[in-house]
Amino acid sequence: ANFYTTIESAISIGVSFLINLLVVSVFGNVLHKKTYGELQEQCIEQDWYPQKFNCSLPENDLDCLPTDEVDADLYKGGIALGCSFGAAYTYIWAVGILASGQSSTMTGTYAGQFAMQGFLNLNWAQWKILVITRLVAMAPTLLVAWFTDIQTLTGLNDILNAVMSIQLPFAIIPCLCFTSSRLVMGEFRNSFVQKIVICLLSVTVLAINMVFVFQYVSETVPAKWYYLLPIAAYFLLYFIFVGYLAIYLFICLGFEYLTRFSFLRKIYKLDGFL
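Residues numbered from 1 in each chain as written. Predicted model: local features only at pLDDT ≥ 70, side-chain atom pairs only at ≥ 80, totals over all residues. Heavy atoms only, no water.

A. Region of interest: the nonpolar core. Within the largest apolar cluster, 23 residues are counted, with the highest numbers of intra-cluster contacts made by I173, V213, Y238, L249 and L270. Elements supplying a minimum of two residues to this core: helix 7 (169–180), helix 8 (192–220) and helix 9 (225–253). The element best represented in this core is helix 9, accounting for eight residues. What L249 contacts, discounting residues up to four positions off in sequence, is I173, L176 and C177. V30, L39, L62 and V70 belong to the second-largest nonpolar core, a separate cluster that totals 17 residues. (Core = buried A, V, L, I, M, F, W, Y, C linked by side-chain atoms within 4.5 Å. Buried < 20%, exposed > 50% of the residue type's maximum accessible area, 1.4 Å probe, protein only. Helix = DSSP H or I, 4+ residues; strand = E, 2+ residues; numbered from the N terminus. Contact = heavy atoms within 4.5 Å.)

Have a look at this one:
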């Protein structure tokens, strides 16, 4: 069972990685070092939203010059695809974004559905549960999309990406603790080589996401002390808690000599490692 589960996970993750690699490569080809003027010319040739990259139009709300490099987002990226390869590619990108959003919301919706179904002891028909849970998940998004504009949605998407990047350590570190702990997994725990590879990948991913978070904060938060002070206090507590999780992760990875320190035995429950 473990063997076939590993194969299934490797195939699904491998395909997902390939798709994301292709997406990044295409957008890198379309947008890297491209100026607003160059993209506007391409849009005029394709007759596809040529005004969207026109810096002189006030309705675009673009503080730019035609020689400036494009500050791309999901919306501009989709328009740029249409201008570079044809209008069909914008619709393909839209379908991809819709599928990505559905995949993400379904994961959370199904998890919440099964949990609440057990907690509330619901005996409803399955389709009724699906309808209600999907409406609860999608209604706020639909309301925001209906009563705001594309710029607001793009800004919210950037905020959500930053929030997910901040939350990422609270998913990765416990997962590594569980899969590497001899108390939890026994003989099925991660091997020495697996621990090295997984930890290197995890550190790389976490570092990239933290760079994105600090870049986002530096670009969007005004450089005023009354804005920066609460953010600094939050990140101080944030990194203290991440360090708290990381110490227990080191113990689960095999650095069990840390259990000899009495102050750690007061903080963590380490009886099984002694």
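Once you've had a look at it, read on.
B. Structural detail: the packing of helix 7 against helix 9. Contact geometry for helix 7 and helix 9: axes closest at 8 Å, N-to-C directions at 15°. The orientation of helix 7 with respect to helix 9, classified from their angle, is roughly parallel. The handedness of the crossing between helix 7 and helix 9 comes out as left-handed. Across the interface between the two elements, P169, F170, I173, L176, C177 and S180 from helix 7 touch Y238, F241, V242, L245, A246, Y248, L249, C252 and L253 from helix 9. In the contact of helix 7 with helix 9, the residues fall into 14 nonpolar, one polar and no charged. (Axes fitted to C-alpha atoms, helices over the stretch in contact; angles between N-to-C directions. Parallel < 35°, antiparallel > 145°, perpendicular 65-115°, else oblique. Left-handed = near helix turned anticlockwise from the far one by under 90°. Nonpolar A, V, L, I, M, F, W, Y, C, P; charged D, E, K, R; others polar.)

C. Summary view of the pattern of salt bridges. For the structure on display, the rule yields two salt bridges. The partner of K33 in a salt bridge is E69, with the nearest N and O atoms 3.8 Å apart. Residue K33 is located in the loop between helix 1 (2–31) and helix 2 (36–46), and its partner E69 is located in the loop between helix 2 and helix 3 (74–85); the two are separated by 36 residues in the primary sequence. A salt bridge links R182 to E256, with the nearest nitrogen and oxygen atoms 2.7 Å apart. Here R182 is found in the loop between helix 7 and helix 8, whereas its partner E256 is found in the loop between helix 9 and helix 10 (262–267), with 74 residues between them in sequence. Judged by its relative accessible area of 34%, R182 falls in the partly exposed class. (Salt bridge = Lys/Arg side-chain N within 4 Å of Asp/Glu carboxyl O.)

D. Inspection of the confidence of the model for the chain at higher detail. With 96% of its residues at a pLDDT of 70 or more, the chain shows a mean pLDDT of 87. Element-level mean pLDDT values for the chain span from 77 in helix 4 (residues 87–120) up to 95 in helix 9. (pLDDT = per-residue confidence, 0-100.)

E. The state of the cysteines, seen in detail. For the coordinates displayed, the defined rule picks out two disulfides. With a sulfur-sulfur separation of 1.9 Å, C43 is cross-linked through a disulfide to C83. Because the torsion about its S-S bond is 95°, the bridge between C43 and C83 counts as right-handed. Linking C43 in helix 2 with C83 in helix 3, this pair joins segments that are 40 residues apart in sequence. When its relative accessible area of 2% is taken as the criterion, C83 is described as buried. (Disulfide = S-S within 2.5 Å.)

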